[in-house]
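Structural features, examined
Residue-level listing of the chains:
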Amino acid sequence: MPTLTYRPMTPEDHPAFIAMMEATPGVVIRDADRHAPVARYLARNPGMSHLAFLDERLVGCAMAGHDGKRGYLQHVMTAPDMRGQGIASTLVDRCLAALASEGIDKVHLDTLHDNHDAHRFWERLGWSNRNAEIVRFSRILVDNPNA
Ligand SMILES: CC(C)(COP(=O)(O)OP(=O)(O)OC[C@H]1O[C@@H](n2cnc3c(N)ncnc32)[C@H](O)[C@@H]1OP(=O)(O)O)[C@@H](O)C(=O)NCCC(=O)NCCS
């Protein structure tokens, strides 16, 4: 019987993390998802990002960090054949517990406007849709549209 386990993400998980992103429809891989930026993110936010494994296979991911005031979640995903078993909600709970333990009181995340499944998931978990009040602006600081 395969065993489902959870643990914090490390830089050594990067190849499996990228493979999982590549295999997840709707997930966009940016240059910021390369090994060096991910390792820097994990070093700046130790113990905050979490993974789920079915035996040795990576089946879920949720990355979390904060800027000292607000927390942020990124790359929350579950392997398509493992969805609907509470994996993402468990990973999110672990991320939120880690952020709360650092004194973070409020957490934000972005979803694509047309990712309606994700919107339903976040609403089911009790998150507020801020679409009517917040518009995100972004600016790229390098000559790279995939930054
Ligand atoms: C969204 C996603 C992470 C959910 O993963 P999951 O492991 O299946 O989610 P869980 O099993 O933990 O679901 C938690 C709750 O949300 C509900 N839920 C999950 N996906 C849902 C959906 N598409 N529509 C409605 N409810 C949904 C579950 O039914 C469950 O509710 P319950 O507690 O009443 O049983 C997964 O579908 C995924 O990886 N999607 C592609 C990547 C993505 O879009 N990520 C979000 C980017 S912000």
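Before going into details, it helps to say that this report is about the structure given with it. (Residues numbered from 1 in each chain as written. Predicted model: local features only at pLDDT ≥ 70, side-chain atom pairs only at ≥ 80, totals over all residues. Heavy atoms only, no water.)

**A look at the pattern of salt bridges**
For the structure shown, the criterion picks out six salt bridges. Between Arg-57 and Asp-81 there is a salt bridge; the shortest N-O distance is 2.8 Å. Residue Arg-57 is found in strand 3 (residues 57–66), and its partner Asp-81 is found in the loop between strand 4 (71–78) and helix 3 (87–101); the two are separated by 24 residues along the sequence. Judged by its relative accessible area of 37%, Arg-57 falls in the partly exposed class. In this structure, the salt-bridge partner of Glu-133 is Arg-130, at a minimum N-O distance of 2.7 Å. (Salt bridge = Lys/Arg side-chain N within 4 Å of Asp/Glu carboxyl O. Helix = DSSP H or I, 4+ residues; strand = E, 2+ residues; numbered from the N terminus. Buried < 20%, exposed > 50% of the residue type's maximum accessible area, 1.4 Å probe, protein only.)

**Description of the site of the ligand**
Taken together, 21 residues lie around the ligand, and Val-76, Thr-78, Gly-84, Gly-86 and Arg-124 are the ones closest in. At the level of elements, strand 4, helix 3 and helix 4 (116–124) are the ones that each hand at least two residues to the shell around the ligand. Looking at the shell around the ligand, its residues break down into eight nonpolar, eight polar and five charged. (Near = heavy atom within 4 Å. Nonpolar A, V, L, I, M, F, W, Y, C, P; charged D, E, K, R; others polar.)

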